[in-house]
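Coordinates in review
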Amino acid sequence: MLKLKNLVAGYGSIVALKSISLEVAQGSIVTLIGANGAGKTTTMRTIMGLIRPSQGEILFEGRDITKFKTHEIASMGISLVPEGRSILARMTVLENLEMGAYQRKDKEIESDMEKVFGRFPILGERKSQLGGTLSGGQQQMLAIGRALMARPKLMLLDEPSMGLAPLVVSEIFKVIKEISAGGTTVLLVEQNVRQAIKIADYAYVMETGKIVLEGNARDVGRDPRVMEAYLGGKQA
Amino acid sequence: MDILNPYYLQIVTFILINAILGISIYITLSTGQMSLGNAGFMSLGAYASAILTMKLGLPLAFGIFTGGVLAALVALLIGLPTTRLQGLYLAIATLGFGEVIRVVALNLEITNGALGISGIPSLSITLGKVFNSTGLAEALSLDFQVAGQLGLVVLLLLILICVLTFQLLLEKSRIGRAFAAIKEDEHAAEVMGVNVVYYKMLSFIIGAFVAGLAGALYAHSTFFINPTDFSYHKVVDILLYAVFGGSNVIWGPVLGAFILTLLPEVLRFMADYRAMLYGALLVIMMVFRPNGILSRELAAKIRTFLCFGKKSPGGDRQ
């Protein structure tokens, strides 16, 4: 569904992605793991067209979207749940969700919103509240709900567990699993390697702008290097 | 009717024009763009309408409307590069644009250089004639000048209401939601599928149109314009209406224009100390109301208060 081929991108003279290639198969959950500064967020931003790659190409459903503008990429069916959530703080929960469905014009927006409230009842209770007044976990739910409102074919999640309490983290990961079961393909960037590996089908490990390891999520989780670096030593 | 003396009516005229100018910068600000080019757009409208009506003898209404359209067209041209700029960079670029327009007006023959254009067809005289011919002025026992000025005030009020209504409807529309999202977080809006460049251009152009319209109205209300009318001083004035009154609610710039136009007149008795006190008041206001007088919270409170009895408080959302 999504294919990155030898992607090179960066900020000014700093090269953050040094020829990245990866593939996300339809219906799967693929996770991209790695330490801070490895280039995970840059990869997401480049897919979304927020950063222009200097080399390489991005294919979505077989189409080259490398030169597309961000809003065009969004309309094609890719939704990003950005790092730090980017909630529209001065808009209500309801308005945030409406914005998620911005490029849609069909009549099922209302029923999709009910589905989001069904998935996250707390958002339903607080729908007239301003986005900025929600707790971190609720904001993350809102960010995911907002992305769902676009009915994406592919959802990009950038560190959804960041700064959240462990209990909330498990809930978020449960929801990601459900979203995937609902037919949406997921590319998940995470530092919470243990959780990410648990729900993913396939995993890529990034280090300083390169992919250093890839494979079935379970195998990657058992790799001694990954265990050493991200899972706190050699445990079973 | 003492209250209808020409001096008071003139102040009201300026309040209304300035309120329209305040809204023009508010519209551009509603996508988070701080444009300081509105004095430039205002002068485009003013000169265009003055020249069209004087040299070509076109009707006032046509001249005024064309003034707005011309400002919008120029905004379309300069907006292509400038809407990509952020924050202060946009402010500087648009400030530069305004200066270019001023210097051009200073050097062109058709704008009559530094001397400016005088004897611009007057809206109030035109309206006064209408009053006289209909016999309305006589019926109300108003003299010609007052009748004309009163007509001008009514006309400007109607235009202000039109502009306000337009913007309020816009804010409730799909376009308005895109504007608000861009103002909140440009990248987030883009990721949600909002064509950010398009909507920023749109708000820039609408703002320029309204400023051009206000400029044309200004020209036909004062009968005399020169390049100094549209200098840095005007830029700051327009910005102040929004900042002082509150730039997050449309009534903010209207209130700002009202207070800041009235204040120098009220302070007239202070003679030479007037400017000093005006400045001091600005500083004091900004210390106590850093977001302008009319903040979103205050506006919401007032709305609840006004709706009390009609609607349950807070029930106006969604």
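Residues numbered from 1 in each chain as written. Chains lettered and ligands numbered in written order. Predicted model: local features only at pLDDT ≥ 70, side-chain atom pairs only at ≥ 80, totals over all residues.

A few points about the overall build of chain B
So the rule is basically this: A run of H or I in DSSP counts as a helix once it spans at least four residues, and a run of E counts as a strand once it spans at least two, with each numbered from the N terminus. Each radius of gyration is computed over the set of C-alpha atoms, and the globule rule expresses the reference value as 2.2 Å times the number of residues to the power 0.38. For every residue, the other C-beta atoms within 10 Å of its own C-beta are counted; 20 or more classify it as buried, 12 or fewer as exposed, and values in between as partly exposed. C-beta atoms are placed from the backbone.
Secondary structure summary: chain B contains 14 helices and zero strands in total. Whereas a compact globule of 318 residues would reach a radius of gyration of roughly 20 Å, chain B reaches 20 Å, a difference of no more than 12%. Seen along its three principal axes, the alpha-carbon backbone of chain B occupies a region of about 60 × 50 × 45 Å. In chain B, buried positions account for 45% of the 318 residues.

Quick look at the sheet that holds strand E1 (residues 2-11) of chain A
All names here are of chain A. Using the following cut-off: Paired strands, as defined in this entry, are two strands with at least two bridges between them according to DSSP. Note that contacts rest on C-beta atoms placed from the backbone: two residues are in contact if these are within 7 Å. Each axis is a line fitted through C-alpha atoms, taken for helices only over the stretch in contact, and angles between the N-to-C directions span 0 to 180 degrees.
A sheet is described by the order of its strands in space; here four strands give the open sequence E2-E1-E4-E5, paired in antiparallel fashion. Pairing within the sheet leaves two strands with one partner each, and these edge strands are strand E2 (14-24) and strand E5 (63-64). Taken strand by strand, helix H1 (residues 40-47) contacts E1, E2 and strand E4 (55-60), and its axis lies near 70 degrees from that of E2.

Details of the pairing of E4 of chain A
Consecutive side chains of a regular strand alternate in pointing toward one face of the sheet and then the other. All names here are of chain A. As paired elements, E1 and E4 share five bridges and run antiparallel to each other. When the bridges of E4 are listed, Leu-2 appears paired with Phe-60. Alignment of E4 against E5, held across two bridges, turns out to be antiparallel. In the strand pairing of E5, Leu-59 is matched with Asp-64.

Describing the environment of Ala-275 of chain B
The topology assignment puts Ala-275 of chain B in helix H13 (residues 274-288). Between the alpha carbons of Ala-275 of chain B and Thr-228 of chain B there is a distance of 19 Å; along the sequence they are 47 residues apart.

Re the interface of chain B and chain A
What counts, and what does not: Residue polarity is assigned by list, with Asp, Glu, Lys and Arg as charged and Ala, Val, Leu, Ile, Met, Phe, Trp, Tyr, Cys and Pro as nonpolar; anything else, Gly included, falls into the polar class.
On the chain A side, the residues contacting the 16 residues of chain B number 22 residues. Going through the elements one at a time, helix H8 (174-184) and helix H9 (186-191) of chain B are the ones with two or more residues in the side of chain B that touches chain A. Residues of the side of chain B that touches chain A, tallied by class, amount to seven nonpolar, four polar and five charged.

Concerning the nonpolar core
Here is the rule: A set of buried residues qualifies as a nonpolar core if it consists of Ala, Val, Leu, Ile, Met, Phe, Trp, Tyr and Cys joined through C-beta atoms within 7 Å.
In this structure, Leu-156 of chain A together with Met-192 of chain B are the most contacted members of the largest nonpolar core, which totals 80 residues. For this core, the leading source of residues is helix H6 (residues 136-148) of chain A, giving six residues. In this structure, Ile-25, Ala-75, Leu-160 and Leu-239 of chain B belong to the second largest nonpolar core, which totals 77 residues.

Here we look at the sheet that holds strand E6 (residues 78-81) of chain A
Residues and elements named next belong to chain A. Spatially, six strands are ordered E6-E7-E8-E3-E9-E10 in an open sheet, and the strand pairing comes out mixed. Only two strands of the sheet have a single neighbouring strand rather than two, namely E6 and strand E10 (210-216). With strand direction ignored, the average angle separating the axes of adjacent strands in the sheet is 15 degrees. Across four bridges, E6 lies against strand E7 (residues 154-158) in parallel orientation. Bridged to Ile-78 within E7 is Leu-154. Along the sheet, H1 contacts strand E3 (29-34), E6, E7, strand E8 (185-190) and strand E9 (202-207); its crossing angle with E7, the most-contacted strand, is approximately 145 degrees. Contacting E3, E7 and E8, helix H7 (residues 166-181) runs over the sheet at an angle of about 155 degrees to E8.

Here's the deal with the packing of helix H2 (residues 38-55) of chain B against helix H10 (residues 196-222) of chain B
All names here are of chain B. Where we set the bar: Any angle that is under 35 degrees is reported as roughly parallel, and any over 145 degrees as roughly antiparallel; angles of 65 to 115 degrees are reported as roughly perpendicular and all others as oblique. The hand of a helix crossing depends on one turn: near helix anticlockwise from the far one by less than a right angle means left-handed, and clockwise means right-handed.
Where H2 contacts H10, the axes come no closer than 6 Å and their chain directions differ by 50 degrees. Between H2 and H10, the crossing angle belongs to the class labelled oblique. You can see that H2 and H10 cross each other, and the crossing is right-handed. Note on element contacts: H10 touches H2 through Gly-207, Ala-208, Ala-211, Gly-212, Leu-213, Ala-214, Gly-215, Ala-216, Tyr-218, Ala-219 and His-220, opposite Asn-38, Phe-41, Met-42, Ser-43, Leu-44, Gly-45, Ala-46, Ser-49 and Ala-50. Grouping the constituent residues of the contact of H2 with H10 by class yields twelve nonpolar, eight polar and no charged.

Topic: H6 of chain A
Residue and element names in this part refer to chain A. The condition is simple: Any helix carries an expected span of 1.5 Å times its number of residues minus one.
In this model H6 runs 18 Å from its N-terminal to its C-terminal C-alpha over 13 residues, within 8% of the 18 Å that 1.5 Å per residue would give. Where burial is concerned, most of H6 is hidden: eleven out of the 13 residues are buried. Of all the residues in H6, the buried ones are Gln-138, Gln-139, Gln-140, Met-141, Leu-142, Ala-143, Ile-144, Gly-145, Arg-146, Ala-147 and Leu-148. On the buried face of H6, the contacting elements are E6, helix H3 (93-100), helix H4 (109-119), helix H5 (121-125), E7 and H7.

With respect to the environment of Leu-282 of chain B
All names here are of chain B. Secondary-structure assignment places Leu-282 in helix H13. Judged by C-beta crowding, with 15 C-beta atoms within 10 Å, Leu-282 ranks as partly exposed. Once the C-alpha coordinates of Leu-282 and Leu-240 are considered, the two residues, 42 residues apart in sequence, prove to be 9.2 Å apart.

Topic: the packing of H2 of chain B against helix H4 (residues 87-107) of chain B
When two helices pack together, their arrangement is given by the angle between the helix axes and the distance between those axes. Residue and element names in this part refer to chain B. Look at H2 against H4: their axes get within 8 Å of each other, and the N-to-C directions meet at 30 degrees. Classed by the angle they form, the pair H2 and H4 counts as roughly parallel. Here H2 contributes Ala-39, Gly-40, Ser-43, Leu-44 and Tyr-47 to the contact with H4, which in turn contributes Phe-97, Gly-98, Ile-101, Arg-102 and Ala-105.

Focus on the pairing of E9 of chain A
Residues and elements named next belong to chain A. In terms of burial, E9 is a largely internal element, five of the six residues being buried. Strand direction decides the pairing type here: E3 and E9, joined by five bridges, are parallel. Residue pairing in the sheet places Val-30 in a bridge with Tyr-202 of E9. Two elements, E9 and E10, share six bridges in a ladder whose sense is antiparallel. Paired with Tyr-204 across the bridge in E10 is Glu-214. Where E9 hands over to E10, the hairpin turn is made up of two residues, of which Thr-208 adopts a positive phi near 35 degrees.

Quick notes on unusual backbone geometry
With a phi angle near 35 degrees, Thr-208 of chain A is a residue other than glycine that sits in the positive phi range. With respect to the helices and strands, Thr-208 of chain A occurs in the loop between E9 and E10. Here Thr-208 of chain A falls in the exposed class, since 12 other C-beta atoms lie within 10 Å of it. If you check the backbone angles, Asn-112 of chain B has positive phi at about 60 degrees while not being a glycine. Among the secondary structure elements, Asn-112 of chain B is positioned in the loop between H4 and helix H5 (123-134). C-beta crowding within 10 Å serves as the criterion here: with 18 such atoms nearby, Asn-112 of chain B is assigned to the partly exposed category.

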